[in-house]
There are 2 protein chains.
Amino acid sequence: MTRIGIVGYGNLGRGVEIATKEADDMELVAVFTRRDPQNVSIISKDVPVLKVDDVEEWKDKIDVMILCGGSATDLPVQTPKFAQMFNVIDSFDTHARIPEHFANVDKSAKDNNKVAIISVGWDPGMFSLNRVYANAILPNGKDYTFWGKGVSQGHSDAIRRIKGVKNAKQYTIPVEDALEAVRSGKNPELTTRQKHTRECFVVLEEGADAKFVENEIKTMPNYFDEYNTTVHFISEEELLKNHSGMAHGGVVFRSGSTGLNHENKHIIEYSLKLDSNPEFTTSVLVAYARAAHRLANEGSFGCKTVLDIAPSYLCNMSGDELRAHLL
Amino acid sequence: MTRIGIVGYGNLGRGVEIATKEADDMELVAVFTRRDPQNVSIISKDVPVLKVDDVEEWKDKIDVMILCGGSATDLPVQTPKFAQMFNVIDSFDTHARIPEHFANVDKSAKDNNKVAIISVGWDPGMFSLNRVYANAILPNGKDYTFWGKGVSQGHSDAIRRIKGVKNAKQYTIPVEDALEAVRSGKNPELTTRQKHTRECFVVLEEGADAKFVENEIKTMPNYFDEYNTTVHFISEEELLKNHSGMAHGGVVFRSGSTGLNHENKHIIEYSLKLDSNPEFTTSVLVAYARAAHRLANEGSFGCKTVLDIAPSYLCNMSGDELRAHLL
């Protein structure tokens, strides 16, 4: 059995709790929170909810701690810190800061004989894996990654910071024609605008200026100015009723060629259609928690990513069973 | 540099030769054949073609030997034998016999401090990987594998053994409605007949009985009797002109659910569209040859499959580069 701990109980923490229940070889033993534990109600009534300050007492009672904080401020501090006491998994997803985060976590984990697996999820995560496999197989080719349709938390937050906005959700939507052009092997050169559109559902504060808000959104640098953006103003009731879903997904393509004159074309496509972004992400986290426990038992300490771990480590089956049934 | 040797120069051997040229870190140093080397003309004029009996002299001059023989009779003998002298890669694809083949090769490789990676290609191979990742992430779900459209060598051979048949090609074709049902999350129960159809292009010997041949094909146990099969009789010229292509492909799906009541559905889809089945297969073999060389340098001896190898081993990039560019 792998004894699992959770730090942070939001959508991700709850997803880890549910995913742990699906696994015969895992047991959730404690949930840690920065809030008052009295006010945190979890699904498993037999599992204690504790203050995160008391985590050290659990050093020898937890095999893998799954860190469910955010990438902006929580994980850069939490992952190196908890890797001093526990084998840890995180879903750090700020691509540009991964090298720095990796270095910090690697030092902690190696100094303390722990395994840390960072940036686990679907992107970074399963999409990264697919980019690496496909690039290794087809060195001559082009990569394409599409996201959506799904809510982008970062873009929704950016809209909420505009004066006059009470609430907002932003969907990232892949352009169907672009997907089809890639899928059919045309190897298109696609600008940012040609790959995705952005659709915003916005609730205004009373008396706010809709024209001003729409213009602020559409011209916002980096977030919206390079995209075709649609803005809908709706009521708060409608937002909560129709836009609270957590569906997401995306597609990774490698379009490559082989042959003496590169005359043979090949398309590798990996696609995800997810009803619940946090529950899928946490299902990946839990599979890698299994790997972390095994790697720790083998003494293979330090920081790793999904690229460093063999697929067999994720499965609750022996090598013989995998070769007989899934190979 | 990884010094590559090839045993057997058919479609696969030629594909390995071409794929090796694409890789900056690989060098083809020799091709071994059972035929008279004088009669084997390869693309690389500076690479020697030698008798397979002389292979032992190359023990210290080749880092990885890629075995390009067939699964029926060649590889069960060749892979354990060559694993005594070389790190080896094969594409053994008789799923039912993989456990036995693994055991034989593992003994040879371990006794001689060599690395052997068997059953490399796309199925077994990339499809297997995707089955394992998807099963690990979504333990509650169903697997679906579809093949084609593409020529099945085994089925084409079976037709050629019928009395009165001069030549034949058989295409395996996935049923579009079945693909769509799976893709849309309907989790259908599909019989063999509902998943694939079989289309045969047959050249008759002079004076052969077309009715007899068609009936022999359609009622052939295991190969055709459980499928909807179409038979076309065509001339040998037409067969060579229109049915000599080597395109293939397929799709692996995992359709699963998460949530307290499994209320959230997720579809993972991995799809390949290949102009050249042998060239794609050999591109995978060459990527795993890179892994075999690294594993040998680390002293990680024995038999392995794609399930036992971390993705980063396949890429000609450092961990830092992979994390910065592909994670």
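Residues numbered from 1 in each chain as written. Chains lettered and ligands numbered in written order. Predicted model: local features only at pLDDT ≥ 70, side-chain atom pairs only at ≥ 80, totals over all residues. Heavy atoms only, no water.

Some details on the packing of aromatic side chains
All names here are of chain A. To keep things clear, this is the line we draw: Whether two aromatic rings pair depends on their centres lying within 6.5 Å, for rings of Phe, Tyr and Trp, where Trp uses its six-membered ring; planes under 30 degrees apart make the pair stacked, over 60 edge-to-face, and the rest tilted. Helix and strand definitions follow DSSP, with helices as H or I runs of at least four residues and strands as E runs of at least two, each counted in order from the N terminus. Only protein chains enter the accessibility calculation, which uses a 1.4 Å probe; a residue whose area is less than 20% of its type maximum is buried, one above 50% is exposed, and one in between is partly exposed.
Using the criterion set out here, one finds eleven aromatic pairs over all chains in the structure. Between Phe-127 and Tyr-270, the ring centres sit 6.1 Å apart and the planes meet at 85 degrees, which makes this aromatic pair edge-to-face. With a gap of 143 residues between them, Phe-127 in helix α4 (residues 126-137) and Tyr-270 in strand β13 (residues 264-274) connect regions that are remote in the sequence. Using a relative accessible area of 0% as the deciding quantity, one classes Phe-127 as buried. The buried category is assigned to Tyr-270, whose relative accessible area is 3%. Between the aromatic rings of Phe-146 and Phe-253, the centroid separation amounts to 6.1 Å while the plane-to-plane angle is 90 degrees, which identifies the pairing as edge-to-face. Within this pair, whereas Phe-146 is found in strand β7 (residues 141-147), its partner Phe-253 is found in strand β12 (residues 248-258), the two being separated by 107 residues in sequence. Exposure remark for Phe-146: the relative accessible area of 0% places this residue in the buried category. The exposure class assigned to Phe-253 is buried, which follows from its relative accessible area of 1%.

A few points about the interface of chain B and chain A
The condition is simple: We call two residues in contact when some of their heavy atoms are within 4.5 Å. Buried area: the sum, over both parts, of the accessible surface (1.4 Å probe) that disappears when the two are put together. What counts as a salt bridge is simple: a side-chain nitrogen of Lys or Arg found within 4 Å of a carboxyl oxygen of Asp or Glu. Residues adjacent in sequence count toward polar contacts only when both atoms are side-chain atoms; beyond that, a polar contact is any pair of N or O atoms within 3.5 Å, and within protein one must be able to donate a hydrogen and the other to accept it.
Counting residues at the interface gives 66 residues for chain B and 66 residues for chain A. Between chain B and chain A, the buried area comes to about 5600 Å², and carbon and sulfur atoms account for 64% of it. When the buried surface of chain B facing chain A is broken down by residue, Tyr-133, Arg-323 and Leu-327 of chain B rank first, second and third, together holding 14% of it. The interface formed by chain B and chain A includes zero salt bridges. Seen at the junction of chain B and chain A, the total is 26 residue pairs in polar contact (both at pLDDT 80 or more). Broken down by secondary-structure element, the contributors of at least two residues to the side of chain B that touches chain A are α1 (11-22), α3 (98-111), α4 (126-137), β13 (264-274), α10 (277-297) and α11 (319-325) of chain B.

Section: the domain arrangement of chain A
Residue and element names in this part refer to chain A. Operational definition: Throughout the structure description, domain borders are defined by an automatic or database domain assignment. Classification used: nonpolar for Ala, Val, Leu, Ile, Met, Phe, Trp, Tyr, Cys and Pro, charged for Asp, Glu, Lys and Arg, polar for all others including Gly.
What the domain assignment lists for chain A is domain 1 (2-123 + 278-326) and domain 2 (126-275). On a C-alpha basis, the centres of domain 1 and domain 2 stand 28 Å from each other. At the junction of the two partners, domain 1 supplies twelve residues and domain 2 supplies 15 residues. On inspection of domain 1 and its partner domain 2, the count reaches one salt bridge. Here Asp-123 ties to Arg-131 by a salt bridge, and the two come within 2.8 Å at their closest N and O atoms. For the pair domain 1 and domain 2, the interface holds five residue pairs in polar contact (both at pLDDT 80 or more). The leading source of residues in the side of domain 1 that touches domain 2 is helix α10 (residues 277-297), at four residues. Residues of the side of domain 1 that touches domain 2, tallied by class, amount to eight nonpolar, three polar and one charged.

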